[in-house]
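Here is what each chain is made of, one letter per residue.
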Amino acid sequence: MKKKFDPVKYYKGFTLGYIMVAWLVTVFLLDLSEVWLIPEIIIYFVLSALIFRSYYFGIAGNMYYFVKNFDKARKYYNLAAKLNTINVPALYNYGIMLLHEGKAKEALTLFERAEKYNTKLIYEKNIPLAMGSCYWLLGDIDKAIELMEALEEKYSYVNVSTLTTLGYLYILKKDYDKAEEYTKRALDDIPEHAPAWDNMGQIYFNKGIIDKAKEYFQKALDYRENMPDSLYYMGVIAKNEGDKETARNYFKKALECNVTALNTITSENIEKQLESLE
């Protein structure tokens, strides 16, 4: 990774330096009790919180995000973002939240800022993947593929999420051979990865090989029973086979799932299919 200026590292170093100097001045120069260090340090952190409040808002958001209190996390992330925070985890997590809501343009801005200040290897991989998903939702499939394939060229290992997403992007381009190549690599890495099995189902569904598609969609559901995409396509297949009751059950179960902008289908798609059965 290209060496970047890490303000957090320098802030930590400055804080340690301040505490050491405060101790030397208070104890040795002024000959006061070490108890005086307590208010000095409290005042220092209060002033830091005011001066660097955008970063501290990000920390608060990360804490709430970690305990899955997403409403509170959003509140602090929003404050941090408005103040142009450089807290990379906060920018990344907030971007992911917006991405799942379909706010790809807003999310992309946060990811670009996170990339500018990032110094951690994990985010060096995850940020381009998230940015690629933004470009996918914005309709620029080629740019999304370019970003993700660049990760492959740069690192000896990329995770299953990257491989699976690349597989799906090639499904969108109707390059089913390339889509299957990436998806099989994901399954070679983690055979239980449900989204990759869903990819395989969609590849064969689009190729018109329905028996294979059903087999793969069922595999996805065996590993993750609340996969809305696989449930939806199983419903479509059942409907096309004339089994309306089975189709209705699949669609109803899909509608109960958490469908986000990163799913390959929407709640509206599912509702229309249910309406068509009436």
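Residues numbered from 1 in each chain as written. Predicted model: local features only at pLDDT ≥ 70, side-chain atom pairs only at ≥ 80, totals over all residues. Heavy atoms only, no water.

A. Representation of the overall build of the chain in the model. In terms of helices and strands, the chain carries 15 helices and 0 strands. Taken against the 2.2 N^0.38 rule, which gives 19 Å for 278 residues, the C-alpha radius of gyration of the chain at 25 Å runs more than 25% over that of a compact globule. For the chain, the spread of C-alpha atoms along the three principal axes comes to 90 × 40 × 30 Å. Across the 278 residues of the chain, 43% fall into the buried class. Restricting the contact set of the chain to residue pairs at least 6 apart, pairs at least 24 apart contribute 52%. On the chain, roughly 15700 Å² of surface is accessible, and the fraction owed to carbon and sulfur atoms is 57%. The distance from the centre of the 35 positive side-chain charges to the centre of the 37 negative ones in the chain is 5 Å. (Helix = DSSP H or I, 4+ residues; strand = E, 2+ residues; numbered from the N terminus. Rg over C-alpha atoms; globule rule 2.2 N^0.38 Å. Buried < 20%, exposed > 50% of the residue type's maximum accessible area, 1.4 Å probe, protein only. Contact = heavy atoms within 4.5 Å. Areas by Shrake-Rupley, 256 points an atom, 1.4 Å probe, with all protein chains shown as cover. Lys, Arg positive; Asp, Glu negative; His and termini not counted. Charge placed at Lys NZ, Arg CZ, Asp CG, Glu CD.)

B. Fine view of a negative patch on the surface. Among the surface-exposed residues, Glu-268, Glu-271, Glu-275 and Glu-278 lie close enough to one another that they form a single negatively charged patch. Judged by its relative accessible area of 36%, Glu-271 is partly exposed. (Patch = residues over 30% accessible without salt bridge, like charges linked within 9 Å, V, L, I, M, F, W, Y side chains within 5 Å. Salt bridge = Lys/Arg side-chain N within 4 Å of Asp/Glu carboxyl O.)

C. View of the pattern of salt bridges. Enumeration according to the criterion identifies 11 salt bridges in this entry. We note a salt bridge from Glu-124 to Lys-154, for which the minimum N-O separation is 2.6 Å. Residue Glu-124 is located in helix α7 (residues 121–137), and its partner Lys-154 is located in helix α8 (residues 141–154); the two are separated by 30 residues in the primary sequence. Residue classification places Glu-124 among the buried positions, given a relative accessible area of 12%. In this structure, Lys-178 engages Glu-181 in a salt bridge whose closest nitrogen and oxygen atoms are separated by 3.9 Å. Of this pair, Lys-178 and Glu-181 both sit in helix α10 (residues 176–189), separated by 3 residues, roughly a single helical turn. By relative accessible area, which is 27% here, Lys-178 ends up partly exposed.

D. Quick look at the packing of aromatic side chains. One pass over the structure, following the stated rule, counts 15 aromatic pairs. Seen in terms of ring centroids, Tyr-65 and Tyr-77 are 6.1 Å apart; in terms of plane orientation they differ by 55 degrees. Their pairing is tilted. Of this pair, Tyr-65 sits in helix α3 (residues 53–66) while Tyr-77 sits in helix α4 (residues 70–82), and the two are 12 residues apart along the sequence. Site record: aromatic cluster; members linked through ring pairs are Phe-205, Phe-217, Tyr-232, Tyr-233 and Phe-251. Sitting over the ring of Tyr-135, Lys-143 keeps its end group 5.9 Å from the ring centre. The ring of Trp-197 carries the charged tip of Lys-219 above its face, separated from the ring centre by 5.2 Å. (Phe/Tyr/Trp six-rings, centres within 6.5 Å; stacked < 30°, edge-to-face > 60°. Lys NZ or Arg CZ within 6 Å of the ring centre and 35° of its normal.)

E. Broad picture of helix α6 (residues 104–117). Counted at 1.5 Å a residue, the expected span for α6 with its 14 residues is 20 Å, and the 20 Å between its end C-alpha atoms agrees. Within α6, the full set of buried residues consists of Ala-104, Ala-107, Leu-108, Leu-110, Phe-111 and Ala-114. Down the axis, α6 shows its buried residues gathered within 165 degrees of arc, on one side only. Along α6, exposed side chains directed more than 90 degrees from the buried face belong to Lys-105 and Lys-116. Elements in contact with the buried residues of α6: α4, α5 (88–100) and α7. (Expected span 1.5 Å × (residues − 1). Arc of directions from axis to C-beta.)

F. Region of interest: the nonpolar core. The biggest cluster of nonpolar side chains holds 75 residues, and the ones touching the most others in it are Phe-111, Ile-127 and Phe-251. For this core, the leading source of residues is α5, giving 9 residues. In contact with Phe-251, other than residues within four places in its own chain, are Tyr-232, Gly-235, Val-236, Ile-270, Gln-273, Leu-274 and Leu-277. (Core = buried A, V, L, I, M, F, W, Y, C linked by side-chain atoms within 4.5 Å.)

G. Quick look at helix α12 (residues 210–223). An ideal rise of 1.5 Å per residue puts 20 Å on 14 residues; α12 measures up with 20 Å between its terminal C-alpha atoms. Those residues of α12 lying buried are Ala-213, Tyr-216, Phe-217, Ala-220 and Leu-221. Here the buried residues of α12 occupy an arc of 145 degrees about the axis, which is enough to place them on one side. Counted as exposed and oriented over 90 degrees from the buried face of α12: Asp-211 and Asp-222.

H. Spotlight on the packing of helix α11 (residues 194–206) against α12. Packing of α11 against α12 brings their axes to within 7 Å, and their N-to-C directions diverge by 165 degrees. Considered as vectors, α11 and α12 are oriented roughly antiparallel to each other. Relative to α12, α11 is oriented so that their crossing is left-handed. Counted together, Ala-194, Trp-197, Asp-198, Met-200, Gly-201, Gln-202, Tyr-204 and Phe-205 of α11 and Ile-210, Lys-212, Ala-213, Tyr-216, Phe-217, Lys-219, Ala-220 and Tyr-223 of α12 form the full contact between these two elements. Broken down by class, the residue content of the contact of α11 with α12 amounts to 11 nonpolar, 2 polar and 3 charged. (Axes fitted to C-alpha atoms, helices over the stretch in contact; angles between N-to-C directions. Parallel < 35°, antiparallel > 145°, perpendicular 65-115°, else oblique. Left-handed = near helix turned anticlockwise from the far one by under 90°. Nonpolar A, V, L, I, M, F, W, Y, C, P; charged D, E, K, R; others polar.)

The values reported here are purely geometric and, on their own, carry no functional implication.
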